Amino acid sequence: MLYLVGLGLGDAKDITVKGLEAVRRCRRVYLEAYTSVLTVGKEALEEFYGKELILADREMVEQEADGILKEADVCDVAFLVVGDPFGATTHSDLVLRAVKLGVPYKVIHNASIMNAVGCCGLQLYSFGETVSIVFWTDTWKPESFFDKIEKNRQNGMHTLCLLDIKVKEQSLENLMKGKKIYEPPRYMSVNQAAEQLLAIIQNRRLQGEEPEVTENTICVGLARVGAPDQKIASGTLHQMSTVELGGPLHSLIVTGTMHPLELEMLKLFTVDSSSFENNAFQRTA
């Protein structure tokens, strides 16, 4: 049996009882280590679960999945995912491979950022398409995610922006030379995401457009959701470029039309209450 087990968002104790029971009876336990991270390391998980964990990077999961599934038809194997197992499309591929090999599978769900963002007070059914904001480089500055945010906002919907994570990435030089040398991990902050959005807004204005999203659009910055030191800050997009939220992981929400109850909740987390009210009441239901 292949078990896909969600670990939740905080630390080792966020695993469900059902998930922990599955992990403890498995012969091999893999920890997916590239789509998200917990606030604790591999060693803390091993101590709590009572099992040795095998780190599964993107290369292993996407290119060597058959190795993960080896003998899973005759013994139990667990694949641990921060958040919920189906928060990333990679894991659907693993299920399809298991089915093709005749390996039975079971999914044990958990909280993910996709539903935990409700902690800021915005109503989950008022969210549109989720987007990913990637790190720009000197030569690659995509803007497609901005168009999706604009479309959501035109429809009155909020947008959850998942921010880029670079783990076990190679520089172009090392990649071309075939050297297995990896760059230090990088996690996009709310500040960096806001700065990229502000740059896109300026680009669009130079092209004669007036974007639906501006520097005064109300946004919400979230950090380490589910951890004891989680932080939430609400304010304008411009304020998000300077707000201090601490260490990773961060997420950003660009609001759409807001219900009065949503506004009351966001007021609990304002960076600056006076400017918040001036800008927020332009988009109330």
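Up top you'll find the structure we're talking about.
Let me begin by describing the structure that accompanies this report. Not measured: the values here are computed from a predicted model.

Here we look at the pattern of salt bridges
- Inspection of the entire model under this criterion finds 12 salt bridges.
- When the shortest N-O distance is used, the salt bridge between lysine 267 and glutamate 264 registers 3.0 Å. Taken together, the residues lysine 267 and glutamate 264, both in helix α11 (residues 260-267) and three residues apart, mark about one turn of the helix.
- Judged by relative accessible area, which is 28%, lysine 267 ranks as partly exposed.
- A relative accessible area of 44% means that glutamate 264 is categorised as partly exposed.

Remarks on the pairing of strand β7 (residues 159-163)
- Counting buried positions along β7 yields four of five residues, so the element is predominantly enclosed.
- Handedness of the strand β6 (residues 131-133)-helix α7 (residues 144-154)-β7 crossover: right-handed.
- As judged from the four bridges shared by β7 and strand β12 (residues 250-254), these two strands associate in the antiparallel manner. Paired with cysteine 161 across the two strands is leucine 252, which belongs to β12.

So, the packing of aromatic side chains
- Counted under the stated rule, the structure contains one aromatic pair.
- Against the face of phenylalanine 135 rests arginine 186, its NZ or CZ located 4.2 Å from the ring centre.

Looking at the layout of surface pockets
- The volume enclosed by the largest pocket comes to roughly 970 Å³.
- Considering the residues around the largest pocket, the lining is formed by 41 residues, among which Thr35, Ser36, Leu162, Leu163 and Ile165 are closest to the centre.
- For the lining of the largest pocket, the secondary structure elements donating two or more residues are α5 (90-100), α6 (113-116), β6, β7, β8 (165-166), β10 (218-223) and β12.
- For the lining of the largest pocket, the residue count by class is 22 nonpolar, 13 polar and six charged.
- Computed from the structure, the second largest pocket encloses a volume of approximately 370 Å³.
- Lining the second largest pocket are 17 residues, and of these Leu31, Ala33, Ser36, Val37 and Leu55 lie nearest its centre.
- Contributions of two or more residues to the lining of the second largest pocket are made by β2 (28-32), α2 (42-49) and β3 (54-56).

As for the nonpolar core
- Counting 27 residues, the largest nonpolar core has Phe145, Leu197 and Leu252 as the members making the most contacts within it.
- Broken down by secondary-structure element, the contributors of at least two residues to this core are β6, α7, β7, α9 (190-206), β10, α10 (237-240) and β12.
- The leading source of residues in this core is α9, at seven residues.

A look at the state of the cysteines
- The final tally for this structure, using the stated rule, is zero disulfides.
- Left unpaired, cysteine 26 is separated from the closest cysteine sulfur, that of cysteine 75, by 8.2 Å.

A closer look at α9
- End to end, α9 covers 25 Å across 17 residues, agreeing with the expected 24 Å (1.5 Å per residue, within 8%).
- Along α9, the residues that are buried comprise Val190, Asn191, Ala193, Ala194, Gln196, Leu197, Leu198, Ile200, Ile201 and Arg204.
- Packed against the buried residues of α9 are β6, α7, β7, β10, α10 and β12.
- Looking one or two residues past α9, glycine 208 carries a phi angle of roughly 90°, positive in sign.

Let's talk about the environment of asparagine 216
- Take asparagine 216: it is sitting in the loop between α9 and β10.
- For asparagine 216 and threonine 236, which are 20 residues apart along the polypeptide, the C-alpha to C-alpha distance reads 4.9 Å.
- Asparagine 216 has contacts with Thr236 and Asn279, leaving out every residue within four places of it along the chain.

Rules used throughout
- Residues numbered from 1 in each chain as written.
- Predicted model: local features only at pLDDT ≥ 70, side-chain atom pairs only at ≥ 80, totals over all residues.
- Heavy atoms only, no water.
- Salt bridge = Lys/Arg side-chain N within 4 Å of Asp/Glu carboxyl O.
- Helix = DSSP H or I, 4+ residues; strand = E, 2+ residues; numbered from the N terminus.
- Buried < 20%, exposed > 50% of the residue type's maximum accessible area, 1.4 Å probe, protein only.
- Right-handed = clockwise from strand over helix to strand, strands pointing away.
- Pairing = 2+ DSSP bridges.
- Phe/Tyr/Trp six-rings, centres within 6.5 Å; stacked < 30°, edge-to-face > 60°.
- Lys NZ or Arg CZ within 6 Å of the ring centre and 35° of its normal.
- 1 Å grid on protein atoms, 1.4 Å probe; cavity = no way out; pocket = protein on both sides within 12 Å on 5 of 7 lines; lining within 4 Å.
- Points joined across faces, edges and corners; volume = space filled by probe spheres on them.
- Nonpolar A, V, L, I, M, F, W, Y, C, P; charged D, E, K, R; others polar.
- Core = buried A, V, L, I, M, F, W, Y, C linked by side-chain atoms within 4.5 Å.
- Disulfide = S-S within 2.5 Å.
- Expected span 1.5 Å × (residues − 1).
- Contact = heavy atoms within 4.5 Å.

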